[in-house]
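# Descriptive structure summary
Now for the letters of each chain:
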Amino acid sequence: MLSRKASCNSHGQDSYYFLGWEEYKKNPYDEVKNSSGIIQMGLAENQLSLDLVESWLERNPEATEFTNGGTTFRDIALFQDYHGLPAFKNALAGFMSRIRENKVSFDPDKLVLTAGTTSANEILMFCLAEPGDAFLVPTPYYPGFDRDLKWRTGVEIIPIHRSSSNGFKITESAMEEAFDHAQNQLNRTVKGLLITNPSNPLGTTMTRHELSQIIHFANAKNVHVISDEIYSGTVFDSPSFVSIVDLALQHENSHNGDDLSSRIHMVYSLSKDLGLPGFRAGAIYSNNEAVVSAATKMSSFGLVSSQTQHLLSSMLSDEKFVQKYLSENRTRIKTRKQMLVSGLKDLGIECLNSNAGLFCWVNMRKFLKSNTFEAEMELWRRLIYEVGWNVSPGSSFHCVEPGWFRMCFANMDERTLAVAMRRIGQKEI
Amino acid sequence: MGYVSSNTKPLLSRKATNEGHAENCPYFDGWKAYDKDPFHPSQNPDGVIQMGLAEHQLCFDLVQEWLVSNPEASICTKKGVDKFRDIALFQDYHGLPAFRNAVAKFMGRVRGDKVKFDPDRIVMSGGATGAHEMITFCLADPGDAFLVPTPYYAGFDRDLCWRTEARLLPVVCHSSNNFKVTRKALEEAYAKAVEANISVKGLLLTNPSNPLGTILDRDTLREAMSFINEKNIHLICDEIYAATVFRQPDFISIAEIIEEDQEYNRNLVHIIYSLSKDMGFPGFRVGIVYSYNDAVVECGRRMSSFGLVSSQTQYLIASMLSDDQFIGKFLLESAERLETRHKNFTDGLHQVGIKCLNGNAGLFLWMDLRELLMESTVEAETALWRGIINEFKLNVSPGSSFHCSEPGWFRVCIANMNEETMKVALARIREFVRRNGDKLNRKEKCRQSDLRLRLSFRRMDDVLRSPCIMSPHSPIPQSPLVRTRT
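In the annotation of an unreviewed UniProt entry, chain B is listed under the name 1-aminocyclopropane-1-carboxylate synthase and assigned to Eucalyptus grandis. Under the Sequence similarities (unreviewed entry) heading, UniProt states for chain B: "Belongs to the class-I pyridoxal-phosphate-dependent aminotransferase family."

As annotated in an unreviewed UniProt entry, chain A is Aminotransferase class I/classII large domain-containing protein from Eucalyptus grandis. Quoted verbatim from the Sequence similarities (unreviewed entry) field of UniProt, the annotation for chain A is "Belongs to the class-I pyridoxal-phosphate-dependent aminotransferase family."

Here it is in structure tokens:
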């Protein structure tokens, strides 16, 4: 009675990534009420700097009020223009630039507002690919992509495998292999690559060399590159962040007449950097006018609430606040990450060396009974039920090597993280 | 740069480059005319008056008053900021429980509390636009069809068909019986589909109707239920204008009909709702899919990730809609003001001999200008329409953009302006009628020389094949916010 899309499981929700959340919800940790409950370490949220936003709100009540002098409630309530509130787009473009230390500037007219990057990524698939086409995505990758890129669009994801042998860096041969597999064995037309930079779940930024390789590859194959830069504001250590938009500009300047920059697109949102996932404030940035035009029309299916645009445009236009926030946020993320890393190190557990993100990519391979994903699942079950940690197993990120786990550290207070660290010390894994 | 790359692989998808967004049609001239020359009582009194936008602007004073008395409803104020963190972090696709409870209660109130809605069946979406697309993704595969009575809201062509690749098949309704949706018309449309080997997945009804401004009577609703049960197809009821019913007869929701007979298959029924029209909040993107089918609720919830309602907005709405006293007052006031506005317009039109379909709901009138057409064709309707825009500066919407089968009908929005503007609009209509008065009882085939017409003739089938969207998401109504850049 329902559509094929409704009856299949391409929504990806049967993955262990989401099942862990279900287990957490059944028995959630609470310092007072349920101190032996499961600690949520599977949610990549940034709860470290919301106090800064709250105090900005307290200091700037007139910025968001609906008074008769400034913007009225009526104006906001009626505003449903899919081009977005100009003040918000300007502020967002400025914010994105600040994050990149003003090395890149963004044109507000190339921004398309969407209901989070969930919607942004799906819209780009609808704009760039036909059902059955493929996008190459480096593993390990965010499990949500299986839903966002594939479910309603009919697009297929072909993985580009990365391994710990070289620190999970992307290689030309891995890209070639994935492309070849898609086109020749699976008979699918590859329309592009989608990278996440900084990476979820690795917590690393791509080097300029890696990005150049990717651009070079995309140019040779005449395909698109989408860079999900949702964690760009969480880079707390060197090497400093290099945005695809920066490289695209450089390429354009040195390769006149080449249309590569018309195939480079970026997605962003305020869910991670500002810690506002509930507000559904996402965006697509593209140099390709046709993409901007089509995506803008498609954004009708998930516009950003005008009430939220109004609030955010005020906040993000406050340059002093933005500077202070970005810097303080980075410091706090770094400190918190170090707490997790050193806590794990004391237990003999190593993490991938990271300089960004709200999580660590943790090497638990030595605890596996065998080098298999079944062993990884068994370990994961023990971590959830015996240790009381909801961490995310690498297989849910399509990692090719068993034994890696993503552990989030920014979605809890310091005390809870300390409790988490103490727990594992008490258990034998 | 843009469409095609240097080798033969297309740069963009078919969906990105086809006409499925339904925005390219001659009818946008009306929007463009308005955008270039928007009416303002003091700054531009000769500008185009926007009468093509179905918005409810009559009750903002009530909402503003409520906001001032309830600062804690906003998470940005001193009173509300202690909730900020929890709300900002909340992205659960089930939605804030308080929000779902408040919306369920509100939906019941709007229907005179004759039915109760279960908060657990409420699924969020990006406005009704998102809701329609989402329900279509849940129910239909590419190529499947939905039957939809004409005339219908032009946005459906985009919402139900563009990215879903579903199709809409018209159920033709006629003015001879006030555009009633008859069983005969339903059966005819269904049979035609079967003959053409098209799989019909459901029937889409809009009740109250856009553009007619009428409600479906109990018999029609029962016939529709019996029809879909017999054919085992879905019924989607768009009840987005439910609270705009300002006069008897009372609104009857499909939610009432479903309770009348235990034999009805409830798994086939889904309601689309939003706060854009009833409350006047189109910017807040509060869309709702209410389904009696558990599998649809589950699937719809997962799909709602692509267009969740901002938690900040959920929180505000939850607060506002739970205020029973305010809502009671709002609904009464809103109906009264809509009735007054409706009466003022219909009286004004009647005085100059223009008839409208007898309606008791909606934010618009369905105006009958058939007698002013040189001939009963879409081209003549288009010519008349261009005259109304260019000479009388009124952006009304021609019936063909709603797939109406009879030329000469126009939708005229009346609730998106203040009283002063309404008077100017009526004066212009009177002038229009005066100048065209000698055509009222005559059908002539010669051109009117005192109407400056820019005629661009299109064949009837061209018009029908490229439906036009008149949704406000597209060319933008002149909002003061568009001018503010900082």
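## Overview of the overall build of chain A
A tally of helices and strands in chain A yields 16 helices and 13 strands. Whereas a compact globule of 429 residues would reach a radius of gyration of roughly 22 Å, chain A reaches 22 Å, a difference of no more than 12%. Projected onto its principal axes, the C-alpha coordinates of chain A cover approximately 60 × 60 × 55 Å. In chain A, which comprises 429 residues, the proportion classed as buried is 65%.

## Overview of the overall build of chain B
Within chain B one finds 17 helices and 13 strands. Relative to its 486 residues, chain B shows a buried fraction of 64%. Look at the contacts in chain B between residues 6 or more apart in sequence, and 76% of them connect residues 24 or more apart. Carbon and sulfur atoms make up 49% of the accessible area of chain B, which amounts to about 18,500 Å² in all.

## Some points on the sheet that holds strand β8 (residues 286-291) of chain B
Residues and elements named next belong to chain B. Pairing is mixed across the open sheet formed by 7 strands, whose spatial order is β2-β8-β7-β6-β5-β3-β4. The open sheet is flanked by β2 (122-126) and β4 (167-171), the only strands paired with a single partner. The average angle at which neighbouring strand axes cross in this sheet is 25°, direction not considered. Of the strand pairs in this sheet, β2 and β8 are connected by 5 bridges, and their pairing is antiparallel. Bridge pairing links Met124 to Ile288 in β8. Helix α6 (residues 127-139) rests against β2, β3 (145-149), β5 (200-206), β6 (234-238), β7 (269-274) and β8 of the sheet, and its axis sits at about 115° to β2.

## A look at the pairing of strand β6 (residues 224-228) of chain A
A regular strand places its side chains so that they alternate between the two faces of the sheet. All names here are of chain A. With 5 of its 5 residues buried, β6 lies for the most part within the structure. Bridging between strand β5 (residues 190-196) and β6 involves 5 bridges; their strand directions are parallel. Paired with Leu193 across the bridge in β6 is Val225. Each parallel crossover has a hand, and for β5 linked through helix α10 (residues 208-221) to β6 it is right-handed.

## Details of the environment of Lys79 of chain B
Examined against the element boundaries, Lys79 of chain B turns out to sit in the loop between α3 (60-69) and α4 (84-89). With near-sequence residues (within four places) excluded, Lys79 of chain B lies in contact with Pro71 and Glu72 of chain B.

## Overview of helix α12 (residues 289-298) of chain A
In terms of burial, α12 of chain A is a largely internal element, 8 of the 10 residues being buried. All of the buried residues along α12 of chain A are Ala290, Val291, Val292, Ala294, Ala295, Thr296, Lys297 and Met298 of chain A. Close packing links the buried residues of α12 of chain A with β2 (111-114), α7 (116-128), β7 (264-269) and β8 (282-286) of chain A together with α1 (14-17) of chain B.

## Re the domain arrangement of chain B
All names here are of chain B. In terms of domain boundaries, chain B breaks down into domain 1 (20-59 + 329-436) and domain 2 (71-328). Inter-centroid distance (C-alpha atoms) of domain 1 to domain 2 is 26 Å. The largest contributions to the domain 1 side of the interface with domain 2 come from Phe330, Leu331 and Asn360, which together make up 21% of the buried area. Here domain 1 is connected to domain 2 by 0 salt bridges. The interface formed by domain 1 and domain 2 includes 23 residue pairs in polar contact (both at pLDDT 80 or more). At 8 residues, helix α13 (residues 324-351) tops the list of elements feeding residues into the side of domain 1 that touches domain 2.

## Details of the UniProt feature "domain: Aminotransferase class I/classII large" (unreviewed entry) in chain B
Here, the residues flagged by UniProt with the feature "domain: Aminotransferase class I/classII large" (unreviewed entry) are residues 49-429 of chain B. This span, residues 49-429 of chain B, is 41% helix and 15% strand, and a straight line between its end C-alpha atoms measures 11 Å.

## A closer look at the interface of chain B and chain A
Contact with chain B, which involves 86 residues of that partner, is made by 84 residues of chain A. One salt bridge connects Glu130 of chain A with Arg14 of chain B, and the closest N-O pair in it is separated by 3.5 Å. Linking chain B to chain A there are 20 residue pairs in polar contact (both at pLDDT 80 or more). Counting residues per element, the ones that place at least two in the side of chain B that touches chain A are α1, α3, α4, α6, α7 (155-161), α11 (294-303), α12 (311-322) and α17 (480-483) of chain B.

## Describing the packing of helix α5 (residues 97-110) of chain B against α12 of chain B
All names here are of chain B. One can describe the packing of α5 onto α12 by two numbers: an axis separation of 8 Å at closest approach and a directional angle of 40°. Classified by the angle between their axes, α5 and α12 sit oblique to one another. Seen from above, α5 lies across α12 with left-handed handedness. Residues Ala98, Phe99, Ala102, Val103, Lys105 and Phe106 of α5 touch α12, and the partners they reach there are Gln314, Ile317, Ala318, Leu321 and Ser322. Partitioning the contact of α5 with α12 into residue classes produces 8 nonpolar, 2 polar and 1 charged.

## A look at the side chain of Ser232 of chain A
All names here are of chain A. Here Ser232 shows up in the loop between β6 and α11 (244-254). Owing to a relative accessible area of 1%, Ser232 belongs among the buried residues under this scheme. Here Glu229 takes part through its backbone oxygen, which lies 2.7 Å from a polar atom of the side chain of Ser232. Contact partners of Ser232, with chain neighbours within four places excluded, come to Ile99, Arg100, Pro198, Phe241, Tyr268 and Asp273.

## Observations concerning the pairing of β8 of chain A
Residue and element names in this part refer to chain A. Counting buried positions over the 5 residues of β8 gives 5, a clear majority of the element. The pairing of β7 with β8 spans 5 bridges and is antiparallel. Across the sheet, the residue bridging to Ser269 is Gly282, located in β8.

## Re the sheet that holds β8 of chain A
Residues and elements named next belong to chain A. The strand order across the open sheet formed by 7 strands is β2-β8-β7-β6-β5-β3-β4, and the pairing between neighbours is mixed. Single-partner strands in this sheet number two, and they are β2 and β4 (156-160). With strand direction ignored, the average angle separating the axes of adjacent strands in the sheet is 25°. Sheet analysis places β2 next to β8, joined by 4 bridges and oriented antiparallel. Bridged to Val112 within β8 is Ile284.

## Comments concerning unusual backbone geometry
With omega at -10°, the peptide bond leading from Thr150 of chain B into Pro151 of chain B counts as cis. By secondary structure assignment, the location of Pro151 of chain B is in the loop between β3 and α7. Cis geometry is found at the peptide bond from Asn207 of chain B to Pro208 of chain B, where omega equals 0°. Among the structural elements, Pro208 of chain B can be located in the loop between β5 and α9 (218-231). A positive phi angle, close to 50°, is found at Glu101 of chain A, a residue other than glycine. Secondary-structure assignment places Glu101 of chain A in the loop between α6 (86-99) and β2. Residue Glu101 of chain A is classed as partly exposed on the basis of its relative accessible area of 49%.

## Describing the packing of aromatic side chains
The final tally for this structure, using the stated rule, is 31 aromatic pairs over all chains. Relative to Phe145 of chain A, the ring of Tyr142 of chain A has its centre 5.3 Å away and its plane inclined at 85°; by these criteria the two rings are edge-to-face. Every member of this aromatic cluster is reached through a ring pair, and the members are Phe73 of chain A together with Phe60, Phe281 and Phe284 of chain B. Between Lys221 of chain A and the ring centre of Phe179 of chain A, over which it is positioned, the NZ or CZ distance is 4.8 Å. When the ring centre of Phe301 of chain A is taken as origin, the NZ or CZ atom of Arg158 of chain B, which lies over that ring, is 6.0 Å away.

Calculation rules
Residues numbered from 1 in each chain as written. Chains lettered and ligands numbered in written order. Predicted model: local features only at pLDDT ≥ 70, side-chain atom pairs only at ≥ 80, totals over all residues. Heavy atoms only, no water. UniProt positions renumbered as here; feature names shortened; annotations may be inferred. Helix = DSSP H or I, 4+ residues; strand = E, 2+ residues; numbered from the N terminus. Rg over C-alpha atoms; globule rule 2.2 N^0.38 Å. Buried < 20%, exposed > 50% of the residue type's maximum accessible area, 1.4 Å probe, protein only. Contact = heavy atoms within 4.5 Å. Areas by Shrake-Rupley, 256 points an atom, 1.4 Å probe, with all protein chains shown as cover. Pairing = 2+ DSSP bridges. Axes fitted to C-alpha atoms, helices over the stretch in contact; angles between N-to-C directions. Right-handed = clockwise from strand over helix to strand, strands pointing away. Domains from an automatic or database assignment. Buried area = accessible area lost by both parts, 1.4 Å probe. Salt bridge = Lys/Arg side-chain N within 4 Å of Asp/Glu carboxyl O. Polar contact = N/O pair within 3.5 Å; in protein donor to acceptor, adjacent residues only side chain to side chain. Parallel < 35°, antiparallel > 145°, perpendicular 65-115°, else oblique. Left-handed = near helix turned anticlockwise from the far one by under 90°. Nonpolar A, V, L, I, M, F, W, Y, C, P; charged D, E, K, R; others polar. Phe/Tyr/Trp six-rings, centres within 6.5 Å; stacked < 30°, edge-to-face > 60°. Lys NZ or Arg CZ within 6 Å of the ring centre and 35° of its normal.

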